[in-house]
Amino acid sequence: MLMQTKKLILSFILASNLILALLYLYFDSLSSSHSRNSAASRHNSQQQQRPPPYEQQHGLPQVGKGLVPRPTFDPNEKYLAYLPHSGFHNQRITLENALLLANYLNRTLLVPPVFLGPPTEWRPFDILLRRLLLQTKRGLDHCERIGKGDPLPAECLNYYSWTTVEWDFFYDMEKIGEVQPWKYRPDHSFAWMEANLGIDREKDIHIVYDQAHYDYQIYDNPESTYPLNVNRYLRKLELKELEDRTERVLHMGSLFATGRVLAELPEHKAFQQYLRRSMILSTPILTETSNAIVEKLGGLGTFVGLHLRVGDGMFVQPAPDNIENMFQSLVDITGITIMTNYASTPGDGTPSGDNNNRNRAGPERLNDTQCRARKKEGGRYTTIYIATDGVYPRRNILFRKLFDHFPCIFTLDDFSAHLAELKDMKNYDGVGLSKDLIPMVDAVVSAKGSHFLGTPKSTFS
């Protein structure tokens, strides 16, 4: 009897637990269903409030979610590429040579951006390529947002020391493109070529390695009698050797140096002249600023322009001799008579006959209005503009002889009011452009005179 009672109690407990479990599952399912319905309602509401895709709003073809349209390219198009280096003027000379060579070979030129900052020195192909690939601001967007005066993290220490711009910032590349096709190349990686040109890096690229700064000079005329400058170049590179390459990309290393790519054939000479007429600085702010200064000097072709590079590298030691040679050229142009007992001591740029110079009254100094009024007199009142990297030219002893003999000499320091807008100009990455653009104004102004005297071996001149 006792045994039977225990069985009944156990059966009751099991049945009760089963009923409770079923009830729990039932009510839980009702709750989940309600939550899903609420979520769906909220989602539908959000979907109704969300604007249509940009492409739909502007009537553009819509791309599937997560897909990027693949660039279109001509699988038969052939390209010429090169590695730039050094300062702006060296890069400009390199671009001219690259455009010439691309034209000779009937290839589209891949044009990298202009690097503005501490110059990247020439190195053999593989080393220079690695340096250019590391020259990037990818992942450094936060550097520009760091407040002025706040400490910079390690990765941002050099952020403001350099920047890049496209060549059409300076020149009318659209006009050049009408004669010679070119394509902008934002970086130097082979991966970019694969993604944007359909290039297979293993079979479609031929590299012409350069083992010296001036490894080869390219000859366009197979019957040329032009002698190789053995003091600079190691070898001739015949154009036919490059024409015979069938790879889609012919990749050169350095193409720097005036005359690196010869233009002896008539059609090549004509294209070179076209390039030089086209590659004139046309940046609006440079044009407007230089024109304003030229007007102050008396107008186009009314003054003598000089470029005196004295402040860096190989130009420091010969500076006194270069200035003396320019002074003698100015004497020939203006017909002035040199001051009695006035001469420069060779090598140091200081006037000899020191007692005579010291006792003489200070040099006559006229402003631009007075010089324009006396322009017709010529001679010692000839207006002269000096473009220079020398600091404070009027106080620099190297320039004393020039200022002593010519009261109408001007430098960019005399027109600082015209440079205010340039000083505030910044690039897309927040880097100031004044340190690069202001010397260009100097160059443009000096080139607009009736005569121009430049510094030997300077690419700026």
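Here, the structure is the one placed above.
About the cut-offs
Residues numbered from 1 in each chain as written. Predicted model: local features only at pLDDT ≥ 70, side-chain atom pairs only at ≥ 80, totals over all residues. Heavy atoms only, no water. Pairing = 2+ DSSP bridges. Helix = DSSP H or I, 4+ residues; strand = E, 2+ residues; numbered from the N terminus. Axes fitted to C-alpha atoms, helices over the stretch in contact; angles between N-to-C directions. Contact = heavy atoms within 4.5 Å. Buried < 20%, exposed > 50% of the residue type's maximum accessible area, 1.4 Å probe, protein only. Polar contact = N/O pair within 3.5 Å; in protein donor to acceptor, adjacent residues only side chain to side chain. Disulfide = S-S within 2.5 Å. Phe/Tyr/Trp six-rings, centres within 6.5 Å; stacked < 30°, edge-to-face > 60°. Lys NZ or Arg CZ within 6 Å of the ring centre and 35° of its normal. Arc of directions from axis to C-beta.

**Q** In this structure, what is going on with the sheet that holds strand S12 (residues 409-411)? I would like to understand it.
**A** The pairing of strands in a sheet happens through backbone hydrogen bonds and is either parallel or antiparallel. The 4 strands are arranged S12-S11-S10-S13 in an open sheet whose pairing can be described as parallel. Either end of the sheet is taken by a strand with one partner, and the two such strands are S12 and strand S13 (451-453). Mean inter-strand twist for the sheet, computed between neighbouring axes without regard to direction, equals 20°. Pairing of strand S10 (residues 304-308) with S13 involves 3 bridges; the strand directions are parallel. The partner of Gly-305 across the bridge, within S13, is Phe-452. Running over the sheet, helix H16 (residues 434-446) touches S10, strand S11 (384-388) and S13 and is turned about 145° from S11.

**Q** It is not clear to me how the sheet that holds strand S1 (residues 79-81) should be interpreted in this structure. Could you clarify?
**A** As summarised here, the arrangement of the 5 strands in space is S5-S2-S1-S9-S6, forming an open sheet in which the pairing is parallel. At either end of the open sheet lies a strand with only one pairing partner, and these are strand S5 (182-184) and strand S6 (205-208). Direction aside, the axes of adjacent strands within the sheet are offset by 25° on average. In the sheet, S6 pairs with strand S9 (residues 249-252) via 4 bridges, with the strands oriented parallel. Bridge assignment links Ile-207 to a residue of S9, and that residue is His-251.

**Q** How should I be thinking about the side chain of Thr-94 in this particular structure?
**A** Locating Thr-94 in the fold gives a position in helix H3 (residues 88-105). Classification of Thr-94 by relative accessible area gives buried; the value is 1%. For Thr-94, the side chain forms a polar contact with the main-chain oxygen of Asn-90, separated by 2.9 Å.

**Q** Please clarify how the state of the cysteines should be interpreted in this entry.
**A** Defined simply, a disulfide is a covalent bond joining two cysteines at their sulfur atoms. Within this structure, the stated rule accounts for 2 disulfides. Note that Cys-143 is cross-linked by a disulfide to Cys-156, the S-S spacing being 1.9 Å. Disulfide Cys-143 to Cys-156: torsion about the S-S bond roughly -75°, handedness left-handed. Of this pair, Cys-143 sits in helix H5 (residues 141-144) while Cys-156 sits in the loop between H5 and strand S4 (163-165), and the two are 13 residues apart along the sequence. When sorted by exposure, Cys-143 lands in the same class as Cys-156, which is buried. One disulfide in the model links Cys-371 with Cys-408; its S-S distance is 2.1 Å. Because the sign of the S-S torsion sets the handedness, a value of about -100° for the bond joining Cys-371 and Cys-408 places this disulfide among the left-handed ones. Of the two residues, Cys-371 sits in helix H13 (residues 368-373) while Cys-408 sits in the loop between helix H14 (400-405) and S12, which places them 37 residues apart along the sequence. Across the protein chain, the way the bonded cysteines pair up, counted in sequence order, is 1-2, 3-4.

**Q** How should the packing of aromatic side chains be read in this particular structure?
**A** Two numbers describe a pair of aromatic rings. These are the distance of the centres and the angle of the planes. Scanning all chains against the criterion turns up 12 aromatic pairs. When the centroid spacing of 5.9 Å and the interplanar angle of 10° are considered together, the rings of Trp-167 and Tyr-171 count as stacked. Side by side, Trp-167 and Tyr-171 carry an identical accessibility label, which is buried. Pairing Phe-327 with Phe-406 gives two aromatic rings, centres 6.4 Å apart and planes at 65°, and the pair type is edge-to-face. Separated by 79 residues along the polypeptide, Phe-327 in helix H11 (residues 319-334) and Phe-406 in the loop between H14 and S12 bring together distant segments of the chain. Residue Phe-327 is classed as buried on the basis of its relative accessible area of 1%. In textbook terms, an aromatic cluster arises when at least three aromatic residues are bridged by ring pairs, as seen for Phe-88, Trp-167, Phe-169, Phe-170 and Tyr-171. The aromatic ring of Tyr-159 is capped on one face by Lys-137, whose charged end is 4.1 Å from the ring centroid. Stacked on the ring of Tyr-381, the Lys or Arg Arg-380 has its end atom at 5.3 Å from the ring centre.

**Q** Sorry if this is basic, but what is going on with helix H7 (residues 190-197) here?
**A** Quick reminder: α-helices carry 3.6 residues per turn. Residues three or four places apart thus point the same way. Taken as a whole, H7 has its buried residues at Phe-190, Trp-192, Met-193 and Leu-197. Taken end-on, H7 shows its buried residues confined to a sector of 150°, consistent with a single buried face. Just past H7, the residue Gly-198 takes up positive phi, approximately 70°.

**Q** Whenever I open this one, the pairing of strand S7 (residues 216-219) confuses me. Can you help?
**A** Successive side chains on a regular strand alternate, one facing one side of the sheet and the next facing the other. In S7, alternate side chains face the same way, and those of Tyr-216 and Ile-218 on one face and Gln-217 and Tyr-219 on the other are all buried. Two strands pair when backbone bridges link them, and S7 and strand S8 (residues 235-238) are joined in this way by 4 bridges, in the parallel orientation. Each bridged residue has a counterpart across the sheet, and for Gln-217 the counterpart in S8 is Lys-236.

Nothing here speaks to function; it is all geometry.
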